[in-house]
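Structure assessment
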Amino acid sequence: MVQLLYDVPLFQGIISDLFPGTNWPNPDYGVLLEALRENCKLRNLQATDWFIKKIIQVYEMMIVRHGFMIVGDPMGGKTMAYKVLADSLTDLQKAGYPHQKQNVFPDRGTVYDYYFVKQANGSWNNWLELSNKKAVIPKDAKVSEITIETDDTARQIFFLNTFVPHEVPLLFVGPTGTGKSAITNNFLVNLPKEKYLPININFSARTSAGMTQDIIMGKLDRRRKGVYGPPPGKKCVVFVDDLNMPAKEKYGAQPPIELLRQWIDHKHWYDLKDTSKLELLDLLFVSAMGPPGGGRNDICGRFVRHTNIICIDSFDDNTMTKIFTSIVDWHFAKGFEATFQRLGKIVVLATMQVYKSAVEKFLPTPSKSHYVFNLRDFARVIGGVLLVPSTHMTEGDKLIRLWIHEVYRVFYDRLIDDTDREMFFGLIKETTKQQFKLEMDRLVGHLVPTGQKLKDDHIRNLFFGDYMVPDSADKIYDEVSDFKELTAQIESYV
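Analysis parameters
Residue numbers here run from 1 along each chain, matching the order of that chain's written sequence. A pLDDT threshold of at least 70 governs which residues receive local features in this predicted model, and a stricter bar of 80 or more applies before side-chain atom pairs are shown or counted, although totals over entire chains, interfaces and linings include all residues. To get the side-chain values, take all heavy atoms of the structure and skip hydrogens and water. What counts as a helix is a DSSP run of H or I of at least four residues, what counts as a strand is a run of E of at least two, and both are numbered from the N terminus. Computation of the radius of gyration draws on C-alpha atoms, with the globule rule given as 2.2 Å multiplied by the number of residues to the power 0.38. Only protein chains enter the area calculation, which uses a 1.4 Å probe; residues under 20% of their type maximum are buried, those over 50% are exposed, and those in between are partly exposed. Areas reported here follow the Shrake-Rupley algorithm with a probe of radius 1.4 Å; residue values treat only the protein chains shown as occluding. Under the counting rule used here, the positive set is Lys and Arg, the negative set is Asp and Glu, and His together with the chain ends is not counted. Charge placement uses NZ in Lys and CZ in Arg. For Asp and Glu, CG and CD serve respectively. Should DSSP find at least two bridges between two strands, the strands are taken to pair. Note on terminology: a nonpolar core comprises buried Ala, Val, Leu, Ile, Met, Phe, Trp, Tyr and Cys residues joined through side-chain atoms within 4.5 Å. Here, residues are in contact when the closest pair of their heavy atoms is within 4.5 Å. Nonpolar side chains (Val, Leu, Ile, Met, Phe, Trp, Tyr) within 5 Å and like charges within 9 Å form the patches, drawn only from residues with over 30% relative accessible area and no salt bridge. By convention in these notes, a salt bridge is any Lys or Arg side-chain nitrogen within 4 Å of a carboxyl oxygen on Asp or Glu. UniProt positions are given in the numbering used here, feature names are shortened, and annotations may be inferred rather than shown by experiment. Cysteine sulfurs are considered disulfide-paired once they come within 2.5 Å of each other. Every angle, taken between N-to-C directions, lies between 0 and 180 degrees, and every axis is a line fitted to C-alpha atoms, over only the stretch in contact when it is a helix. An angle below 35 degrees is treated as roughly parallel, one above 145 as roughly antiparallel, one from 65 to 115 as roughly perpendicular, and anything else as oblique. Whether a crossing is left-handed or right-handed is set by the direction in which the near helix is turned from the far one by less than a right angle, anticlockwise for left-handed and clockwise for right-handed.

**Describing the overall build of the protein chain**
For the protein chain, the helix and strand inventory stands at 17 helices and 13 strands. What you see for the protein chain is a C-alpha radius of gyration of 31 Å, clearly larger than the 23 Å of a compact globule of 494 residues, by over 25%. Considering only C-alpha atoms, the protein chain reaches an extent of 100 × 75 × 45 Å along its principal axes. Across the 494 residues that make up the protein chain, the buried fraction comes to 39%. Carbon and sulfur atoms make up 54% of the accessible area of the protein chain, which totals about 29000 Å². Averaging the coordinates of the 60 positive side-chain charges in the protein chain and doing the same for the 60 negative ones gives two points 3 Å apart.

**Details of the pairing of strand 2 (residues 123-126)**
Inspection of the sheet shows strand 1 (residues 114-117) paired to strand 2 by 4 bridges, in the antiparallel sense. When the bridges of strand 2 are listed, Phe 116 appears paired with Trp 124. The loop that links strand 1 with its antiparallel partner strand 2 comprises 5 residues; one of these, Ala 120, has a positive phi angle of about 55°.

**Notes on the nonpolar core**
In this structure, Leu 399, Trp 403, Ile 404, Tyr 408, Phe 411, Phe 424 and Ile 428 are the most contacted members of the largest nonpolar core, which totals 59 residues. Broken down by secondary-structure element, the contributors of at least two residues to this core are helix 10 (317-332), helix 11 (339-361), helix 12 (375-385), helix 13 (396-410), helix 14 (418-436) and helix 15 (440-443). Per-element tally for this core: the top contributor is helix 11, with 10 residues. Leave out the neighbours within four places in its chain, and Trp 403 touches Val 347, Ala 350, Thr 351, Val 354, Val 381, Val 385, Ile 428, Thr 431, Thr 432 and Phe 436. Counting residues in hydrophobic clusters, the runner-up holds 28 residues, among them Ile 201, Leu 220, Leu 283 and Phe 303.

**Section: a nonpolar patch on the surface**
The grouping of Leu 10, Phe 11, Ile 14, Ile 15, Leu 18, Phe 19 and Trp 24 at the surface amounts to a nonpolar patch, some 750 Å² of accessible area in total. With respect to the element layout, Ile 14 can be found in helix 1 (residues 2-18).

**So, the UniProt feature "domain: Dynein heavy chain 3 AAA+ lid" (unreviewed entry) in the protein chain**
The UniProt entry lists residues 352-437 under the feature "domain: Dynein heavy chain 3 AAA+ lid" (unreviewed entry), expressed in the numbering used here. Along residues 352-437 one finds 64% helix and 0% strand; the C-alpha atoms at either end are 16 Å apart.

**Comments concerning the pattern of salt bridges**
Going through the model one piece at a time under the given rule, you end up with 21 salt bridges. Across the pair Asp 418 and Arg 421 runs a salt bridge, and its minimum N-O distance is 3.1 Å. Pair noted here: Asp 418 and Arg 421 are both in helix 14, with a separation of 3 residues, about one helical turn. Between Lys 433 and Glu 439 there is a salt bridge, and its shortest N-O distance comes to 3.3 Å. Taking the relative accessible area as the measure of exposure, Lys 433 reaches 48% and is therefore partly exposed. Note on Glu 439: relative accessible area 39%, which makes it partly exposed. Linked by salt bridges that have partners in common, Glu 167, Arg 223, Lys 235 and Asp 282 make up one network.

**Things to note about the state of the cysteines**
Counted under the stated rule, the structure contains 0 disulfides. Cys 311 carries a free sulfur, and the closest cysteine sulfur to it, the one in Cys 300, is 18 Å from it. Judged by relative accessible area, Cys 311 falls into the exposed class, the value being 63%.

**Focus on helix 12**
Of all the 11 residues making up helix 12, 8 are buried; the element is thus mostly covered by neighbouring parts of the structure. For helix 12, the full list of buried residues reads Leu 375, Asp 377, Phe 378, Val 381, Ile 382, Gly 383, Gly 384 and Val 385. Those residues of helix 12 that are buried are in contact with helix 10, helix 11 and helix 13.

**Comments concerning the packing of helix 10 against helix 12**
Two elements in contact, helix 10 and helix 12, have axes whose closest approach is 11 Å; the angle formed by their N-to-C orientations is 20°. Looking at the two axes, helix 10 sits roughly parallel to helix 12. Our pair here, helix 10 against helix 12, has a crossing hand that is right-handed. When helix 10 is examined against helix 12, the residues Met 320, Phe 324 and Val 328 are found in contact with a partner set consisting of Leu 375, Phe 378, Ala 379 and Ile 382.

**Here we look at the UniProt feature "domain: Dynein heavy chain hydrolytic ATP-binding dynein motor region" (unreviewed entry) in the protein chain**
UniProt's entry tags residues 6-79 with the feature "domain: Dynein heavy chain hydrolytic ATP-binding dynein motor region" (unreviewed entry), counted in the numbering of this structure. Helix and strand shares over residues 6-79 are 59% and 0% respectively, and the end C-alpha atoms of the span are 27 Å apart.

Printed below as a string of structure tokens:
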């Protein structure tokens with residue numbers, strides 16, 4: 001504090017030298033000061049000149065900075081200063097003072113749910129407001145190609161729109177199924193073709209440096225001797241998916257990544273035949289990868305330092321519900337009875353319950369290393385439920401049986417011991433009762449021999465497939481009810 005007393009006159013002198021003969025304007029904080037004193041009373045705080053001055057300093061800093069830190073000793077009033085300021089600005093906003101509205105953060109959500117718009121006094125907008133168009137799923141769209149806009153997708157598109165035109169290398173990191181690859185690929189496909197040439201590379205554990213160089217060089221033009229790049233006037237965007245998949249060699253390096261680092265560091269490679277220098281022009285880098293583990297490796301910090309890393313978290317329940325409910329609503333609007341709209345929403349909730357239970361209960365171990373479930377498994381269940389067309393889906397019970405079949409194919413078929421299978425069977429019985437308000441015994445009672453109780457083995461006789469009419473032009477995915485016919489059909493294939 002003593003040091004600051006000496007600094008203030010120094011800065012005043014500097015400003016006087018920069019703007020000689022100019023009087024300092026005194027801002028009019030009359031209305032704000034009244035609100036500050038009133039809110040100090042409400043919080044039983046003393047509105048001393050020193051405390052009010054500190055709040056005004058916080059306010060002035062907030063006007064010119066997107067983020068800052070209040071530093072001071074314990075009991076110095078840091079927390080109360082910004083809380084009194086927030087309450088006062090809220091009161092002024094309600095009282096109709098629009099000039100006080102600037103930069104006030106919304107009451108709901110976190111800082112990650114909004115972006116700041118630098119127009120006029122500035123405002124905080126929801127990420128979805130970046131998109132001016134209302135998302136409409138085409139009737140003939142493929143389920144695997146549908147993208148539902150959420151705050152998460154809007155954030156990723158924002159960073160792509162920001163970094164790619166400015167030629168800044170970008171690395172998305174996040175768990176499987178969060179849309180890193182799909183959204184980036186969709187972005188690259190929609191770039192102006194007269195300006196950009198995308199190159200997509202999927203790394204695997206067996207990808208080598210030579211393969212990587214051959215793929216990229218095969219898409220570039222020879223501009224002159226020893227110089228390669230996209231056609232003149234274009235930029236080539238190299239998108240590397242699963243960046244950290246290549247296996248490490250003896251000394252811990254990943255050759256494909258080291259090759260990419262050489263390009264980003266030095267802008268050249270060497271010819272694999274005669275070792276002549278190959279200069280690389282107008283290439284941009286975008287990549288995506290999952291967190292290390294499960295076959296994915298840590299990557300070299302000397303490479304990572306070149307990229308802006310954007311981390312993508314797993315979707316929360318609300319986001320997953322929005323995504324898959326939008327898809328099932330779109331599907332069941334195509335000629336299905338109205339009751340299927342309601343059942344479709346329940347299918348999403350039931351799948352979420354099974355998915356979260358599977359992640360919690362069926363954990364990977366050395367002998368069960370494949371017990372790894374992610375959002376793609378959730379999507380596979382929903383995709384399977386949507387395979388039966390409206391012409392062959394006329395009763396709600398059949399839809400529920402289809403759902404049971406799909407969760408068994410996606411989750412149950414991965415289980416390797418009877419204990420886990422019995423646990424999953426109990427999970428499905430419980431979920432069916434909780435979500436659909438039906439007993440599973442009634443839904444699949446036709447699979448249980450007379451005099452027996454429903455067991456896990458009976459569910460194995462529940463079949464849906466598109467293989468019963470081999471000569472048909474349209475392969476209809478439907479329930480198989482005649483087991484003799486099924487046996488004969490499968491034997492005919494063999």
